[in-house]
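Chain by chain, the residues:
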Amino acid sequence: CTATQSASITEPTILLVSTNVLASVQCAGDSTGEIIAFTNSGGTAPYSFAWSEGTTATGVASSTLTLLPSGSYTVTLTDANGCTSSDTRILNPGVTIAMNPVVDTILCNGAADASITLNPTGGTTYSYAWSISGSTNSQTNLAPGTYSVTVTDNATLCSVDSTFVLTEPSAISLTASGTDLT
């Protein structure tokens, strides 16, 4: 004797996680990045998110990381059945401004003949704020002293600071000696 029985085995749709960058890192060295991860499709609720940098979120459909520096971030989504899906998002380092200064030092003791010229790169258009008066990329007729400047990229508002110390050469000293004539 034989009997036949049919059974259907179903499975949930494939679990997929997606990530999006909500905010990029604007300036190099900042922690202004923001990434969101969400259940793209499939799986069985509830879900839990585990980020590579240690943050977790359980029982939710999305997870957001904020105040991030540049770098690579991976999220792993796990559903109620223990199925997993991962996605990685990279935050770029943002704008890096380089000053590329040309400094002409003081030539003679007591002179104010030094100059500093900045040739910035990394941004678009720049604003200059010197510790002395002036808002251009160059300062001339400088005497010995300390000069500070902040260069700001007008598009991103990223800035970089630098300080220049100008010293003068030692004074020339002259000693005369002679022989008396008879």
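Residue positions are counted from 1 within each chain, in the order its sequence is given. Only residues with pLDDT of at least 70 get local features here, since the model is predicted, and only at 80 or more are side-chain atom pairs given and counted; chain-wide, interface and lining totals rely on the full set of residues. Note that water and hydrogens are dropped before the side-chain values are worked out from all heavy atoms of the structure.

**With respect to the sheet that holds strand S2 (residues 33–41)**
Spatially, three strands are ordered S1-S2-S5 in an open sheet, and the strand pairing comes out antiparallel. Where the open sheet ends on each side, the last strands, each with one partner, are strand S1 (16–23) and strand S5 (62–68). Across the sheet, the mean angle separating the axes of adjacent strands is 20° when strand polarity is ignored. One requirement defines pairing of two strands: DSSP has to find at least two bridges between them. Working definition: helices are DSSP H or I runs of at least four residues, strands are E runs of at least two. Numbering for both runs from the N terminus. The sheet contact formed by S1 and S2 spans seven bridges and is antiparallel. The partner of Ala23 across the bridge, within S2, is Glu34. Helix axes are fitted to C-alpha atoms over the stretch in contact, other axes to C-alpha atoms as well, and angles between N-to-C directions run from 0 to 180 degrees.

**Notes on the pairing of strand S6 (residues 71–78)**
Pairing analysis gives four bridges linking strand S3 (residues 48–51) to S6, with the strands arranged antiparallel. In the sheet register, Phe49 faces S6, and the bridge partner there is Leu77. Relative to strand S7 (residues 84–91), S6 is paired through eight bridges, and the arrangement is antiparallel. Of the residues in S7, the one forming a bridge with Thr78 is Thr84.

**What about the side chain of Ser85?**
Assignment of secondary structure puts Ser85 in strand S7. Side-chain atoms alone can form a polar contact between residues adjacent in sequence; in general such a contact is a pair of N or O atoms within 3.5 Å, and within protein one must be able to donate a hydrogen while the other accepts it. Separated by 3.2 Å, the side chain of Ser85 and the backbone nitrogen of Val17 make a polar contact. The contact rule is simple, with two residues in contact once any of their heavy atoms fall within 4.5 Å. In contact with Ser85, not counting residues within four places along its chain, are Leu15, Leu16, Val17, Val75, Thr76 and Leu77.

**Remarks on unusual backbone geometry**
In this structure, Pro46 follows Ala45 across a cis peptide bond, with omega equal to 0°. Along the chain, Pro46 turns up in the loop between S2 and S3. A positive phi is found at Asn141, a non-glycine position, where the angle reads about 55°. By the secondary structure assignment, Asn141 is in strand S11 (residues 138–142). Here's how the labels work: a residue is buried when its accessible area is under 20% of the maximum for its type, exposed when over 50%, partly exposed in between, all with a 1.4 Å probe on protein chains only. Take Asn141: its relative accessible area is 60%, and that puts it in the exposed class. In this structure, Leu157 takes a positive phi of about 65° despite not being glycine. Look at Leu157 and you get exposed, because its relative accessible area is 63%.

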